[in-house]
Amino acid sequence: MSSGGTRTDAVGLGLLGCADIAIRKVLPALAATPGSGLRLAAVASRTPERAKEVAVRFGARAVTDYPELLTDPEVEAVYIPLPPALRAPWVRAALDAGKHVFAEKPLTTDPKETAALTALAESAGLVLMENYMFVHHSQHQYVRTLVADGAIGELRTLQAAFTIPPRPATDHRLRSDLGGGALLDGAGYPVRAAQFFLGDDLTVLGASLKPHETHDVDIAGDALLRHPDGVTAHISFGMEHFYVSRYQLLGSTGQITVDHAFTTPPDHRPVIRVDRHNHQELRTLPTDDQCANTLTHFATAIRTGTPTDTTTSIAQSRIIETIRTAATARTGSMETSR
Ligand SMILES: NC(=O)c1ccc[n+]([C@@H]2O[C@H](COP(=O)([O-])OP(=O)(O)OC[C@H]3O[C@@H](n4cnc5c(N)ncnc54)[C@H](OP(=O)(O)O)[C@@H]3O)[C@@H](O)[C@H]2O)c1
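Since the model is a prediction, treat every value here as computed from it, not as a measurement.

Conventions we followed
- Residues numbered from 1 in each chain as written.
- Predicted model: local features only at pLDDT ≥ 70, side-chain atom pairs only at ≥ 80, totals over all residues.
- Heavy atoms only, no water.
- Pairing = 2+ DSSP bridges.
- Helix = DSSP H or I, 4+ residues; strand = E, 2+ residues; numbered from the N terminus.
- Axes fitted to C-alpha atoms, helices over the stretch in contact; angles between N-to-C directions.
- Contact = heavy atoms within 4.5 Å.
- Buried < 20%, exposed > 50% of the residue type's maximum accessible area, 1.4 Å probe, protein only.
- UniProt positions renumbered as here; feature names shortened; annotations may be inferred.
- Core = buried A, V, L, I, M, F, W, Y, C linked by side-chain atoms within 4.5 Å.
- Salt bridge = Lys/Arg side-chain N within 4 Å of Asp/Glu carboxyl O.
- Polar contact = N/O pair within 3.5 Å; in protein donor to acceptor, adjacent residues only side chain to side chain.
- Phe/Tyr/Trp six-rings, centres within 6.5 Å; stacked < 30°, edge-to-face > 60°.
- Lys NZ or Arg CZ within 6 Å of the ring centre and 35° of its normal.
- Parallel < 35°, antiparallel > 145°, perpendicular 65-115°, else oblique.
- Nonpolar A, V, L, I, M, F, W, Y, C, P; charged D, E, K, R; others polar.

1. Let's talk about the sheet that holds strand β8 (residues 203-211)
Strands in a sheet are paired, the pairing made by backbone hydrogen bonds, and the direction either parallel or antiparallel. Spatial ordering of the open sheet is given by β8-β9-β10-β7-β11-β12-β13-β14, a layout of 8 strands whose pairing is mixed. With partners counted over all chains shown, the strands left at the sheet margins are β8 and β14 (279-284), one partner each. The mean inter-strand angle of the sheet, taken between neighbouring strand axes irrespective of direction, is 10°. Summarising the sheet, strand β7 (residues 155-163) and strand β10 (residues 232-238) pair through 7 bridges and their orientation is parallel. Across the sheet, the residue bridging to Gln-159 is His-234, located in β10. Where helix α6 (residues 138-148) meets the sheet, it contacts β7, β11 (244-251), β12 (254-258), β13 (271-276) and β14, and its direction lies at approximately 175° from that of β12. Along the sheet, helix α8 (residues 188-198) makes contact with β7, β9 (218-226), β10 and β11, crossing β7 at roughly 155°.

2. Quick notes on unusual backbone geometry
Cis geometry marks the peptide bond from Lys-105 to Pro-106, where omega comes out at -10°. Turning to its location among the elements, Pro-106 is positioned in the loop between β5 (100-103) and α5 (111-124). Here His-260, not a glycine, exhibits a phi torsion of approximately 50°, which is positive. Residue placement: His-260 occurs in the loop between β12 and β13. Judged by relative accessible area, which is 41%, His-260 ranks as partly exposed.

3. Here's the deal with the UniProt feature "domain: Gfo/Idh/MocA-like oxidoreductase N-terminal" (unreviewed entry) in the chain
Sites flagged by UniProt as "domain: Gfo/Idh/MocA-like oxidoreductase N-terminal" (unreviewed entry) map to residues 14-132. Within the segment residues 14-132, helix and strand shares are 45% and 19% respectively, and the terminal C-alpha atoms sit 19 Å apart.

4. Quick notes on the nonpolar core
If you look at the biggest cluster of nonpolar residues, it comprises 52 residues, and the most contacted ones within it are Val-143, Leu-225, Tyr-247, Leu-249, Ile-256, Phe-262 and Ile-323. Ranked by residue count, the leading element in this core is α8, at 7 residues. Residues in contact with Leu-249, not counting those within four places in the same chain, are Val-143, Val-147, Ile-152, Leu-155, Thr-157, Leu-158, Phe-197, Gly-254, Gln-255 and Ile-256. Judged by nonpolar contacts, the second largest core, of 30 residues, contains Cys-18, Phe-102, Leu-295 and Ala-301.

5. Observations concerning the pattern of salt bridges
Going through the model one piece at a time under the given rule, you end up with 18 salt bridges. Arg-173 serves as the salt-bridge partner of Asp-171, at 2.9 Å between the closest nitrogen and oxygen. The same class applies to Asp-171 as to Arg-173, namely buried. Here Asp-275 and Arg-273 are joined by a salt bridge, their closest N and O atoms 2.9 Å apart.

6. Some points on the side chain of Ser-45
If you trace the backbone, Ser-45 turns up in the loop between β2 (38-44) and α2 (48-57). On the basis of relative accessibility, which here comes to 6%, the residue Ser-45 falls in the buried class. One polar contact links the side chain of Ser-45 to the main-chain amide nitrogen of Thr-47, over a distance of 2.9 Å. The residues touching Ser-45, leaving out its near neighbours within four places in the chain, are Cys-18, Arg-50, Ala-51, Thr-64, Asp-65 and Tyr-66.

7. Here's the deal with the packing of aromatic side chains
Across all of its chains, the model carries 14 aromatic pairs by this definition. The interplanar angle of 55° and the centroid separation of 5.1 Å between the aromatic rings of Phe-197 and Tyr-247 together place this pair among those described as tilted. You can see Phe-197 sitting in helix α8 and its partner Tyr-247 sitting in strand β11, a full 50 residues away along the chain. Here the two residues Phe-197 and Tyr-247 agree in accessibility, since each one is buried. Taken together, the aromatic side chains of Tyr-132, Phe-134, Phe-162, Tyr-189, Phe-196, Phe-197, Tyr-243, Tyr-247 and Phe-262 make up a single cluster linked through ring pairs. Cation over ring: Arg-144 sits above Phe-196, and NZ or CZ is 3.7 Å from the ring centre.

8. Some details on the packing of helix α1 (residues 20-31) against helix α9 (residues 290-303)
At their nearest, the axes of α1 and α9 sit 9 Å apart, and the two run at 70° to each other. Judged on the interaxial angle alone, α9 and α1 are roughly perpendicular. Of the residues in α9, those in contact with Lys-25, Val-26, Ala-29 and Leu-30 of α1 are Cys-291, Ala-292 and Leu-295. Across the contact of α1 with α9, the residue classes break down as 6 nonpolar, no polar and 1 charged.

Here you go:
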């Protein structure tokens, strides 16, 4: 504790589910960032052996199961990287247990759930943060400043894409009961990019979803969004694709392209391409660790008692649901478009 009474010790974090994203990215970043203000206290898995293995690897304690993690006194905050459809009940249980929550994206599969959970967190004075790491990478603020300074004239449209290669047949992304599909798994990145540059007030003008051949999920989609001032965003997402993680801002006098935009590794030096009439400029920026920045942001919000801004999560949830509605309304149902 500091003399003023504000706690300065690291927030004890509990991992609820030993997900690939936790083991491969979030926990290594946590271990490599001692100043983040978080420390891994406990690990829970459906499989006790798995919890032990991960706990030993990252210097924490294994607990018996998910419910035990939520009553663990050392756990002040819970990281929830479960498949999308399982997230809402566990986020609610964690908030009900008085824990702050760091949840994978999308926060829920239903905008009503997102609104209810963010309201619950607010009324309980708890931090609830959805894990969109890329917004914590300094390259995007740099681009935002470029646009504000008129580097491409007036912004006309944003084009953004997040597409990944096929996943194994056992992956939760291929199970509709677990909230699978490209819309829920991948659309959030380009939609979040549109929100970052255009704002949350976006209308869905049209959308398309492509169904999987054999599984009851969508594997690809596109949507056209529009801000009231007329600036548009064309977003693409998919999970049987060449890997793309990119956005472009098209303006009246130029264009900005950012590659490796959403999952930028900490050792990657971003190269921002600015095209103007007869002229192309490549601006190489310093490396930045979006995962470490995100964790630090979460811990700071907890220790300073500053709720994170959840309006963007609420708006995004609504936009994603509207994309689904627009795509199915266009074809009667996604199935009929096969
Ligand atoms: N923010 C980012 O950059 C980022 C990157 C990748 C993924 N993600 C998101 O993170 C989430 C997890 O993705 P992932 O690739 O890490 O998935 P994953 O490896 O399949 O992990 C999901 C975990 O959930 C737990 N789980 C509980 N019930 C389950 C069930 N019925 N079926 C499957 N798993 C169950 C499992 O942990 P136990 O068995 O240990 O309990 C499993 O390891 C997804 O929503 C994805 O969109 C975010």
